[in-house]
Amino acid sequence: MDPVAGTAEHRGPVEVRARAPGKIILTGEHAVVHGSAAVAAAIDLYTNSSLLLRPAGPGEGGGAGSSAVELDLRDSGLTFSWPCSRLRGALGEEISANPGAPAPCSPDQLAAIARLLQDQDIPEAKIWLSAGLSAFLFLYTSILGCRPGKAVVSSDLPMGAGLGSSAAFCVSMSGALLTAAGAVSVGAHRGAEGWEVLEKGALELVNQWAFQGEKIIHGKPSGIDNSVSTFGKMIKFKKGELTNLESRNPVKMLITDTRVGRNTKALVAGVSERASRHPDAMASVFHAVNTISEELSSIVELVAEDEIAITSKEDKLAELMEMNQGLLQCMGVSHSSIETVLRTTLKYSLVSKLTGAGGGGCVLTLIPTLSSNIVLEKVTRELESHGYRCFKVEVGGRGLQVFRG
Ligand SMILES: Nc1ncnc2c1ncn2[C@@H]1O[C@H](COP(=O)(O)OP(=O)(O)OP(=O)(O)O)[C@@H](O)[C@H]1O
Ligand SMILES: C[C@@](O)(CCO)CC(=O)[O-]
Ligand SMILES: [Mg+2]
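Residues numbered from 1 in each chain as written. Chains lettered and ligands numbered in written order. Predicted model: local features only at pLDDT ≥ 70, side-chain atom pairs only at ≥ 80, totals over all residues. Heavy atoms only, no water.

In the nomenclature of an unreviewed UniProt entry, the chain is known as Mevalonate kinase of Zea mays. Listed in UniProt under the heading Sequence similarities (unreviewed entry), the comment for the chain reads: "Belongs to the GHMP kinase family. Mevalonate kinase subfamily." (UniProt positions renumbered as here; feature names shortened; annotations may be inferred.)

If you want it as structure tokens, here you go:
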């Protein structure tokens, strides 16, 4: 369907919900930014964005806040509001809805958005939300112009912990905004409880917008996080190219959140700085990671039918994850809390690696199909005694879904 720039302005209220999953990276984080392959999968933890668009202009009803753009971040307990007149003043009178293919956020736009954030009272302890707020203002005003509306966001994902919270935020918000703008159509599939999957071209458009949002939050994202959040399943990702992986046997993962805060943008920049100091050594590291991801991708797709084949397959996956963890340490993105998780799980013969940008955040532990629940309970108890939080996730599920009210 053709983007219908501006037409949303003349309709009545529009209500849309969108949800997008977080992800785990099995191998290849950071190296993927430098052109290596990586393997990622969607998980069953979601960010939900709901959007209520009000009729534009005076005299059309809508009540309090009807001439403002509002954002309610439920998990942080914070709400933000920008009068439409203020948005027009800061971003220029010529700002208009343009839900077609996105242009990147220009330096002038980013500076104007920074001024719009200064109007808000963001508590110092939550200043890290500024990156997400900037991405929100960019996506909202680029897609819908200054049409009044209210977005409410809630998430199952820990924020800034390596499970792709920034990408799930950008994908669910872009999905809701583009659907509300009438710029995308749904596919044939209508899922459980009224959730709908967008058609392929529509998902691609959402993914492009989410990538622009990720650029504001991450600086230099590879695009893997927004792609797996948009399209779901398990994917191999290399230089912007996505290949779906058919995971033939279930992959069971325990996630441990060390609760050590970190920031993907700074970690990605740190690896790039190391690469510019030691270009040859780091090129070899990235090449080794590429080989690991390629090998893991083909092992994931093997069919293992009996216990011996399953164990042999899982041993290979575990060994590749262990090797990747060594190389991530080499890139300088491990952390003492991550090392504690690795040592603890190894006591139970379980292999772990960091996932996402590292520097704290979450660690993956591969749970072999034949391991006993008693081992899992013991290792979980020991990890939690360090103050970490453990949870199990389903791997390889749905990507973005929308719900039209
Ligand atoms: N639900 C949300 N509401 C508002 N902002 C969010 C939300 N989720 C993420 N963000 C923004 O994204 C930032 C976290 O992104 P960051 O990329 O550092 O971590 P991550 O995406 O959780 O981990 P990784 O990139 O390693 O997978 C937060 O500081 C915030 O600015
Ligand atoms: C660290 C990184 O490789 C993954 C973050 O989940 C960054 C990226 O690819 O954009
Ligand atoms: Mg992120």
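So much for the structure itself; the text now carries on.
Surveying the vicinity of ligand 2 reveals 14 residues, the closest of which are K23, H30, P221, S222 and D225. In this structure, an oxygen atom belonging to ligand 2 sits 2.6 Å away from a side-chain N or O atom of K23. A distance of 2.6 Å separates an oxygen atom of ligand 2 from a polar side-chain atom of S222. For ligand 2, the accessible surface in isolation is 300 Å², of which the surrounding protein chains cover 98%. At the level of elements, strand 1 (14-27) and helix 6 (224-231) are the ones that each hand at least two residues to the shell around ligand 2. Residues that form the shell around ligand 2 fall into these classes: seven nonpolar, four polar and three charged. Three or more residues apiece are contributed to the shell around ligand 2 by two domains, here domain 1 (7-243 + 397-404) and domain 2 (247-393). (Near = heavy atom within 4 Å. Polar contact = N/O pair within 3.5 Å; in protein donor to acceptor, adjacent residues only side chain to side chain. Areas by Shrake-Rupley, 256 points an atom, 1.4 Å probe, with all protein chains shown as cover. Helix = DSSP H or I, 4+ residues; strand = E, 2+ residues; numbered from the N terminus. Nonpolar A, V, L, I, M, F, W, Y, C, P; charged D, E, K, R; others polar. Domains from an automatic or database assignment.)

Below, the discussion takes up the coordination of the magnesium ion (ligand 3). The magnesium ion (ligand 3) binds to the protein through S166 (OG) and H218 (NE2); the donor distances cover 2.1 to 2.3 Å. With S166 in helix 4 (residues 165-180) and H218 in helix 5 (residues 200-218), this pair connects stretches of sequence that are 52 residues apart. Of the residues examined, S166 reaches a relative accessible area of 14% and is grouped as buried. For H218, a relative accessible area of 9% corresponds to the buried category. (Donors = N, O, S within 2.8 Å, 3.2 Å for Na, K, Ca; no water. Buried < 20%, exposed > 50% of the residue type's maximum accessible area, 1.4 Å probe, protein only.)

Let us now look at the site of ligand 1. The environment of ligand 1 is formed by 24 residues, the closest being K23, G164, S165, H218 and R262. At 3.3 Å from an oxygen atom of ligand 1 is found a main-chain nitrogen or oxygen belonging to A161. For ligand 1, the accessible surface in isolation is 640 Å², of which the surrounding protein chains cover 95%. Those elements that provide at least two residues to the shell around ligand 1 are helix 3 (129-144), helix 4 and helix 5. Looking at the shell around ligand 1 residue by residue, the classes come out as eleven nonpolar, ten polar and three charged.

Together, D44, D75, D156 and E394 make up a region of like negative charge exposed at the surface. By the element assignment, E394 lies in the loop between strand 13 (389-393) and strand 14 (401-404). (Patch = residues over 30% accessible without salt bridge, like charges linked within 9 Å, V, L, I, M, F, W, Y side chains within 5 Å. Salt bridge = Lys/Arg side-chain N within 4 Å of Asp/Glu carboxyl O. Lys, Arg positive; Asp, Glu negative; His and termini not counted. Charge placed at Lys NZ, Arg CZ, Asp CG, Glu CD.)

Summarizing the sequence annotation, UniProt attributes the feature "domain: GHMP kinase C-terminal" (unreviewed entry) to residues 315-381 in the numbering used throughout. Spanning residues 315-381, this segment combines 55% helix with 12% strand, and its end C-alpha atoms are found 24 Å apart.

Domain annotation of the chain identifies domain 1 (7-243 + 397-404) and domain 2 (247-393). The centre of domain 1, based on its C-alpha atoms, is set 28 Å off from the matching centre of domain 2. On the domain 2 side, the residues contacting the 31 residues of domain 1 number 37 residues. Contact with domain 2 buries surface across domain 1, with L26, E29 and H30 losing the most and accounting together for 23% of the total. Our count for the domain 1 to domain 2 interface comes out at two salt bridges. Salt-bridge contacts for E29 lead to K353; the nearest nitrogen and oxygen are separated by 2.9 Å. Inspection of the region where domain 1 meets domain 2 yields 15 residue pairs in polar contact (both at pLDDT 80 or more). Breaking the side of domain 1 that touches domain 2 down by element, the ones donating at least two residues are strand 1, strand 2 (38-53), helix 5 and strand 8 (234-238). (Contact = heavy atoms within 4.5 Å. Buried area = accessible area lost by both parts, 1.4 Å probe.)

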